[in-house]
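# Examining the three-dimensional arrangement
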Amino acid sequence: MSVLFTKRLSKELVDLKINPPVGIEVTEADTFKSWKLTLDGVDGTLYAGERFTLEFRFSPNYPMESPEVVFTGNIPIHPHIYSNGHICLNVLYNQWSPVLSVRSVCLSIQSMLSSCTCKEPPPDNNHYVKTAKASPKQTQWSFHDDSV
């Protein structure tokens, strides 16, 4: 593991535990390979009162390369979230920047959920789930709809 990798993740973990964003909590971070965080639906939104689990998987190239992020367990019904937990969100793929962090990704996902106006799966959910690779990072995503 690179010094950048361990130093950066150590700093992020301490920050998330000492100063967590509202509705976001680290529940498992025993290694630098994988973390689990809970994300609560924001009051006044379609997801208020719901709790979801995100799994972050880090490559040794983090933060130069984005983490793999998926929902596990209770997966929100949302036009950009597939029933296998894969998330269609540009900051996880082609818009990733090393200045982004676990915190900023969680807040982006929380914001995406908060701005949703109707709970419905992606229109191609069934086909995608049947044909998708295990890692969402192996998908060629098309980002064209910021309205949900």
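Thresholds, definitions, all that
Residues numbered from 1 in each chain as written. Predicted model: local features only at pLDDT ≥ 70, side-chain atom pairs only at ≥ 80, totals over all residues. Heavy atoms only, no water. Helix = DSSP H or I, 4+ residues; strand = E, 2+ residues; numbered from the N terminus. Expected span 1.5 Å × (residues − 1). Buried < 20%, exposed > 50% of the residue type's maximum accessible area, 1.4 Å probe, protein only. Arc of directions from axis to C-beta. Contact = heavy atoms within 4.5 Å. Phe/Tyr/Trp six-rings, centres within 6.5 Å; stacked < 30°, edge-to-face > 60°.

## Regarding helix 2 (residues 102-114)
- Over its 13 residues, helix 2 runs 18 Å from end to end, which matches the ideal 18 Å to within 8%, given 1.5 Å per residue.
- Val102, Val105, Cys106, Ile109, Gln110, Met112 and Leu113 are the residues of helix 2 that are buried. Down the axis of helix 2, the buried set is contained in an arc of 160°. They therefore lie on one face.
- Buried residues along helix 2 sit against helix 1 (3-18), strand 1 (24-28), strand 2 (34-40), strand 3 (51-57) and strand 4 (68-72).

## Section: helix 1
- Taking 1.5 Å of rise per residue, the 16 residues of helix 1 would be expected to cover 22 Å, and the 22 Å separating its terminal C-alpha atoms lies within 8% of that figure.
- Structurally, helix 1 contributes buried residues whose contacts are with strand 1, strand 2 and helix 2.

## Here we look at the packing of aromatic side chains
- Evaluation of the coordinates by the stated rule reveals eight aromatic pairs.
- Between tryptophan 35 and phenylalanine 58, the ring centres sit 5.0 Å apart and the planes meet at 70°, which makes this aromatic pair edge-to-face. Linking tryptophan 35 in strand 2 with phenylalanine 58 in the loop between strand 3 and strand 4, this pair joins segments that are 23 residues apart in sequence. Just as tryptophan 35 is buried, phenylalanine 58 falls in that class too.
- Every member of this aromatic cluster is reached through a ring pair, and the members are Trp35, Phe56, Phe58, Tyr62 and Trp96.

Distances and angles like these do not, on their own, reveal function.
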